[in-house]
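Here are the chains, one letter per residue:
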Amino acid sequence: MPQMLKGIWIAVLVIWMQPSFAEQNGGPWEKWSLSLGGFAASLSNDVRIGTPGVGAEIDVEEALGLESSDTVFRVDAAYRFGSSRRHRMDLTWFDLSREATKTLERDIDIDGTIFPVGATVDSKYDLAFYNVRYSYSFLQDDRVDFAGSFGLHVTDLGLAVSSAGLGTAGDAVTAPLPLIGARLDVALTQKWYVRSSVELMYVAFGDFKGQISDILLATEYRAWKNFAFGAGLNAVRIGLDVDAETTGVDFAGSVDSDFVGLLLYGKMMF
């Protein structure tokens, strides 16, 4: 996907030189929009609950029987403000939490609690996203909108495992990670648009480490003046490693979460 984005961004120079087609309509960039649709994602998650040497890292899909793919409802909203519409706020929400019941094929260690092979366990893995970002368009005309962005990627993460006679073990954390990036929207024609963005960040202090990358590539067909259909790909990678004893964060463990998914949505705009 990064190579595809690179090719699209380079092609903007060619598109930008083409004759104008939208000046009579005041430009193609809507003041606000609301996108509602489905997100079908393939997931891989490795989780450790507990400080190093206490809990052991497990693949939650393989060890606990959680589905490695899921289709969920997703909301994206955007609002442009200012007379030039160069300022923009974006909001995104979706929830990839899952539950499963499985008879263990090997021992697993959750924060020092050992669930032995052969035990039947109920597990719940929370994975929800709330993203907010601001962007400013450095280059904007009726064909190209190129912006720099910064924001906050908030992720609810949690794992709970329970079994009769053994009780429940697990932990949860809300992890807000800052993001910087770039956004590129291209009007190919009056009907067809390409939307893309790349955001990333790495934060480390003491025994806290967090990293994230979020890449989006989508195409939209504006069927009517105020409604469009869209399809795209979104790839996200999150890494979190926390030692609660030294960071003050009420969580000890690590999470490595990777997913890539297909977006299909309808978009209202004005």
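Computed from a prediction, not measured in an experiment: that's the story for all the values here. (Residues numbered from 1 in each chain as written. Predicted model: local features only at pLDDT ≥ 70, side-chain atom pairs only at ≥ 80, totals over all residues. Heavy atoms only, no water.)

Peer 1: Just to check I follow, could you spell out a nonpolar patch on the surface for this structure?
Peer 2: Judged by side-chain polarity, Trp 32, Tyr 79, Met 89, Leu 91, Val 132, Leu 152 and Phe 270 come together as a nonpolar surface patch covering roughly 610 Å² of accessible area. With respect to the element layout, Phe 270 can be found in the segment after β14 (253–269). (Patch = residues over 30% accessible without salt bridge, like charges linked within 9 Å, V, L, I, M, F, W, Y side chains within 5 Å. Areas by Shrake-Rupley, 256 points an atom, 1.4 Å probe, with all protein chains shown as cover. Salt bridge = Lys/Arg side-chain N within 4 Å of Asp/Glu carboxyl O. Helix = DSSP H or I, 4+ residues; strand = E, 2+ residues; numbered from the N terminus.)

Peer 1: Any chance you could explain the packing of aromatic side chains here in plain terms?
Peer 2: The description of two aromatic rings rests on the distance between their centres and on the angle between their planes. Scanning all chains against the criterion turns up 15 aromatic pairs. Note on Tyr 136 and Phe 138: the rings are 5.3 Å apart at their centroids and 80° apart in plane angle, and the pair reads as edge-to-face. On the basis of relative accessibility, which here comes to 28%, the residue Tyr 136 falls in the partly exposed class. Directly above the ring of Phe 39 sits Arg 74, whose terminal nitrogen or CZ lies 5.1 Å from the centroid. (Phe/Tyr/Trp six-rings, centres within 6.5 Å; stacked < 30°, edge-to-face > 60°. Buried < 20%, exposed > 50% of the residue type's maximum accessible area, 1.4 Å probe, protein only. Lys NZ or Arg CZ within 6 Å of the ring centre and 35° of its normal.)

Peer 1: How do you make sense of the side chain of Arg 222 when you look at a structure like this?
Peer 2: Mapped onto the elements, Arg 222 comes out in strand β12 (residues 208–224). There is a polar contact of 3.3 Å between the side chain of Arg 222 and the side chain of Glu 30. Beyond its immediate chain neighbours, meaning those up to four positions away, Arg 222 contacts Pro 28, Glu 30, Gln 190, Lys 191, Tyr 193, Arg 195, Phe 227, Ala 228 and Met 269. (Polar contact = N/O pair within 3.5 Å; in protein donor to acceptor, adjacent residues only side chain to side chain. Contact = heavy atoms within 4.5 Å.)

Peer 1: Where do I start with the pattern of salt bridges in this structure?
Peer 2: A side chain with one charge may pair with a side chain of the opposite charge, provided their charged atoms come close. Scanning all chains against the criterion turns up 19 salt bridges. The residue Glu 30 makes a salt bridge to Lys 267 at a minimum N-O spacing of 3.0 Å. Of this pair, Glu 30 sits in the loop between α1 (2–16) and β1 (32–49) while Lys 267 sits in strand β14, placing them 237 residues apart in sequence. The burial state of Glu 30 is the same as that of Lys 267; both residues are buried. As a salt-bridge pair, Asp 76 and Arg 74 come within 3.0 Å of each other at their nearest N and O atoms.

Peer 1: Could you clarify how one ought to interpret the environment of Glu 61 in this entry?
Peer 2: Here Glu 61 shows up in helix α2 (residues 60–64). On the accessibility criterion, Glu 61 (11% relative accessible area) is buried. Ignoring anything within four residues of it in the chain, the contact list for Glu 61 reads Leu 43, Ser 44, Asn 45, Leu 66, Glu 67, Ser 68 and Arg 98. A polar side-chain atom of Glu 61 sits 2.8 Å from a polar atom in the side chain of Asn 45.

Peer 1: Explain unusual backbone geometry here, please?
Peer 2: What you tend to see is this: most non-glycine residues have negative phi, and most peptide bonds are trans. A positive phi angle is found at Arg 85, which is not glycine, with a value near 60°. Mapped onto the fold, Arg 85 is located in the loop between β3 (69–81) and β4 (87–95). Take Arg 85: its relative accessible area is 31%, and that puts it in the partly exposed class. We note that Asp 111 has phi near 55°; this positive angle belongs to a residue other than glycine. With respect to the helices and strands, Asp 111 occurs in the loop between β6 (108–110) and β7 (113–115).

Peer 1: Just checking my understanding: could you explain the nonpolar core for this structure?
Peer 2: In a soluble, globular protein the nonpolar side chains are often hidden away together inside. Leu 64, Leu 96, Ile 108, Ile 110, Tyr 125, Leu 159 and Phe 259 are the most contacted members of the largest nonpolar core, which has 43 residues in total. If we skip the residues at most four places from it in the chain, Leu 159 touches Val 47, Ile 49, Ile 58, Val 60, Leu 64, Ile 110, Lys 124, Tyr 125, Ala 169, Gly 170 and Asp 171. (Core = buried A, V, L, I, M, F, W, Y, C linked by side-chain atoms within 4.5 Å.)

Peer 1: Explain the pairing of strand β10 (residues 167–187) here, please?
Peer 2: Note on strand geometry: in a regular strand, side chains alternate between the two faces of the sheet. In terms of strand pairing, strand β9 (residues 144–163) meets β10 through 20 bridges, oriented antiparallel. Its bridge partner lying in β10, Leu 152 is registered against Pro 178. In sequence, β9 turns back onto β10 through a hairpin of three residues, with Gly 165 there showing a positive phi of about 85°. Bridge count for β10 against strand β11 (residues 192–205) is eight bridges, and the pairing is antiparallel. Opposite Ala 187, over in β11, you have Tyr 193 as the bridge partner. Remark: four residues form the turn of the hairpin made by β10 and β11, two consecutive strands paired antiparallel. (Pairing = 2+ DSSP bridges.)

Peer 1: Would you mind showing me how to read the pairing of strand β5 (residues 98–103) here?
Peer 2: Burial along β5 is one-sided: Arg 98, Ala 100 and Lys 102 are buried, and none of Glu 99, Thr 101 and Thr 103, which face the opposite way, are. For β5 and strand β8 (residues 120–140), the ladder comprises six bridges, and the chain directions are antiparallel. Each bridged residue has a counterpart across the sheet, and for Ala 100 the counterpart in β8 is Ser 123.

Peer 1: Even after reading the chapter, I still don't get the confidence of the model for the protein, so can you show me in this structure?
Peer 2: Interpretation of this model should avoid reading the predicted coordinates in detail wherever pLDDT is low. Per-residue pLDDT for the protein has a mean of 88; in total, 86% of the residues score no lower than 70. Counting contacts from residues 22–26, a segment whose pLDDT is below 50, to residues more than four positions away or on other chains yields six contacts. (pLDDT = per-residue confidence, 0-100.)

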